[in-house]
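Residues per chain are reported as follows:
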Amino acid sequence: MSGLVAIQGVRTWVSWIAVMPFALWAVVRLSGFEPDWPWVPLVAYTPYATAAVVVSGLLAVLLRRWAAGTAALVAVLALTPVVLPRAFPDGNPDAKGPVLRVLAANLMVGQADTTELMRLVERLGPDVLTLQEFTPAAMERLDDAGIRDVFPHAVTWPLNGVGGSAVYARHPLQGGPMIKIGAFGQARAWLKHPGGARIEIVSVHPCAPKRLGRQPCWKGGLEALPRGGRELRVLAGDFNATLDHLPMRDLLEAGYRDAADVMGKGFVATWPQNGPLVQSPGVTIDHVLADSRMAVRAFEVLSLDGTDHRPVFAELRLP
């Protein structure tokens, strides 16, 4: 009898050890409260946690630990409506204006392959190109490659390191004040579209919350982004955030839609692409956020040698 009790005890402990981390994950994710590190980088993996809690719940059922299984079921029911819609296309507003094509790429301290980037530009025909980690050397290589022949208008803030940012465009641009919090810069420009619309473009790149103490810089960089409203805006680049981060959810509620989510491609990872973390589970931290009045006609996650991020491209229709 004592042996049977011991086995049942082990089953109970195993079930709760498997279920409890993901049940707590669901509570924090849905609470409206976002703790500091390590939660901020960890919450990016919420889609994986949702899958893991399904597995842990099945384990609890197999072990006939009904309380743990019930806790897992509640967590699954709580997380699924948050995560699953990213796999399904949404509807669009009745936008009938001209098309705006946007390409965004993090150059990984200017090391991305310039020739390949120019091929992407040639193939996709973007009206706007936003670049992050834009260095003086990268700008020189792009100039030599003829980028100003394609994009005669530009607002550039090249900096050594990770802080540089740029907006290139086929149509006239008027520069705005750069958002700079910590070492990370975010270039802003007003684009005058030939169809008559005036659209603010922001090359997004807040601090990366990869270690303790970086959350204020990261959060400040996202909170400094312009909210949606009367003026048309597109925010494109490396947000260092997924749709599970509270500042990103606040941005969406302030008048934007995520192009990947709209097209049912919200699970397509954009980082890491190359480098020492290539075997890490991928997360979706590069985005094109479009004004909620714009229709999203297409979205792609691309590849680019020399950088750890995958570029993102969206085709939008203006209202």
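The text that follows walks through the structure, step by step, so that each part is easy to find. (Residues numbered from 1 in each chain as written. Predicted model: local features only at pLDDT ≥ 70, side-chain atom pairs only at ≥ 80, totals over all residues. Heavy atoms only, no water.)

Quick word on empty space enclosed by the protein
Part 1 of the argument: In this structure the tally under the stated criterion is 1 cavity of 30 Å³ or more.
Part 2 of the argument: In this structure, the largest cavity spans a volume of roughly 40 Å³.
Part 3 of the argument: Lining the largest cavity we find V28, R29, F33, E34, W39, V43, D244, L246 and R249.
Part 4 of the argument: Going through the elements one at a time, α1 (2-31) and α9 (246-253) are the ones with two or more residues in the lining of the largest cavity.
Part 5 of the argument: Split into classes, the residues belonging to the lining of the largest cavity amount to 5 nonpolar, no polar and 4 charged. (1 Å grid on protein atoms, 1.4 Å probe; cavity = no way out; pocket = protein on both sides within 12 Å on 5 of 7 lines; lining within 4 Å. Points joined across faces, edges and corners; volume = space filled by probe spheres on them. Helix = DSSP H or I, 4+ residues; strand = E, 2+ residues; numbered from the N terminus. Nonpolar A, V, L, I, M, F, W, Y, C, P; charged D, E, K, R; others polar.)

A closer look at the pairing of strand β8 (residues 188-192)
Part 1 of the argument: In terms of residue burial, β8 counts as a mostly covered element, since 4 of its 5 residues are buried.
Part 2 of the argument: In this sheet, β8 lies alongside strand β5 (residues 173-175) in antiparallel orientation, the contact comprising 3 bridges. What sits directly across from Q174, in β8, is W190.
Part 3 of the argument: Here β8 pairs with strand β9 (residues 198-204) via 5 bridges, running antiparallel. Each residue of the ladder has a partner; that of R188, found in β9, is V202.
Part 4 of the argument: Counting the residues in the hairpin turn of β8 and β9 gives 5 residues, including G196, whose phi is positive at 110°. (Buried < 20%, exposed > 50% of the residue type's maximum accessible area, 1.4 Å probe, protein only. Pairing = 2+ DSSP bridges.)

Here we look at the state of the cysteines
Part 1 of the argument: Throughout the structure, instances matching the rule amount to 1 disulfide.
Part 2 of the argument: One disulfide in the model links C207 with C217; its S-S distance is 1.7 Å. Of this pair, C207 sits in the loop between β9 and α8 (215-223) while C217 sits in helix α8, and the two are 10 residues apart along the sequence.
Part 3 of the argument: A residue is classified by how much of its surface remains accessible, and C207, at 1% relative accessible area, is buried.
Part 4 of the argument: Of the residues examined, C217 reaches a relative accessible area of 16% and is grouped as buried. (Disulfide = S-S within 2.5 Å.)

Overview of the sheet that holds strand β4 (residues 165-169)
Part 1 of the argument: With mixed pairing, the 6 strands of this open sheet are ordered in space as β3-β4-β2-β1-β14-β13. Of all strands in the sheet, those with a lone pairing partner are β3 (153-157) and β13 (295-301), marking the two edges. Strand-to-strand twist across the sheet, computed as the mean angle between neighbouring axes with direction ignored, equals 10°.
Part 2 of the argument: Where helix α5 (residues 114-124) meets the sheet, it contacts β1 (99-106), β2 (128-132), β13 and β14 (312-317), and its direction lies at approximately 165° from that of β1. (Axes fitted to C-alpha atoms, helices over the stretch in contact; angles between N-to-C directions. Contact = heavy atoms within 4.5 Å.)

Points about unusual backbone geometry
Part 1 of the argument: Cis geometry marks the peptide bond from W37 to P38, where omega comes out at 10°.
Part 2 of the argument: When you line up the elements, P38 lands in the loop between α1 and α2 (39-42).
Part 3 of the argument: Note that the residue after W271, namely P272, is joined by a cis bond; omega there is -5°.
Part 4 of the argument: Mapped onto the secondary structure, P272 falls in the loop between α10 (259-262) and β12 (286-291).
Part 5 of the argument: Positive phi outside glycine occurs at M108, with the angle close to 50°.
Part 6 of the argument: Within the secondary structure, M108 is located in the loop between β1 and α5.
Part 7 of the argument: Of note, N240 is a non-glycine position whose phi angle comes to about 50°, a positive value.

A few points about the environment of R123
Part 1 of the argument: Its location among the elements puts R123 in helix α5.
Part 2 of the argument: It is 23 Å that separates the C-alpha atoms of R123 and T156, two residues lying 33 residues apart in sequence.
Part 3 of the argument: In this view, R123 contacts E300 and L302; residues no more than four positions away in its chain are not counted.

Side note on the sheet that holds β9
Part 1 of the argument: Strand order in this open sheet of 6 strands is β5-β8-β9-β10-β12-β11, and the pairing throughout is mixed. Each end of this open sheet is capped by a strand with a single partner; those strands are β5 and β11 (256-258). Within the sheet, the average angular offset between the axes of one strand and its neighbour, ignoring direction, is 25°.
Part 2 of the argument: Where strand β10 (residues 232-238) lies against β12, 5 bridges are found, and the strand directions are antiparallel.

Some points on the side chain of Q186
Part 1 of the argument: Secondary-structure assignment places Q186 in strand β7 (residues 184-186).
Part 2 of the argument: A relative accessible area of 1% places Q186 in the buried class.
Part 3 of the argument: A distance of 2.9 Å separates a polar atom in the side chain of Q186 from the backbone nitrogen of H205.
Part 4 of the argument: For Q186, the side chain forms a polar contact with the main-chain oxygen of G221, separated by 3.1 Å.
Part 5 of the argument: Ignoring sequence-local partners within four residues, the contact set of Q186 consists of S165, M178, I179, V202, S203, V204, H205, P206, G221 and L225. (Polar contact = N/O pair within 3.5 Å; in protein donor to acceptor, adjacent residues only side chain to side chain.)

Comments concerning the layout of surface pockets
Part 1 of the argument: In this structure, the second largest pocket occupies an estimated 160 Å³ of space.
Part 2 of the argument: Residue lining of the second largest pocket: 15 residues in total, with P47, G266, F267, V283 and T284 positioned closest to the centre.
Part 3 of the argument: Split into classes, the residues belonging to the lining of the second largest pocket amount to 8 nonpolar, 5 polar and 2 charged.

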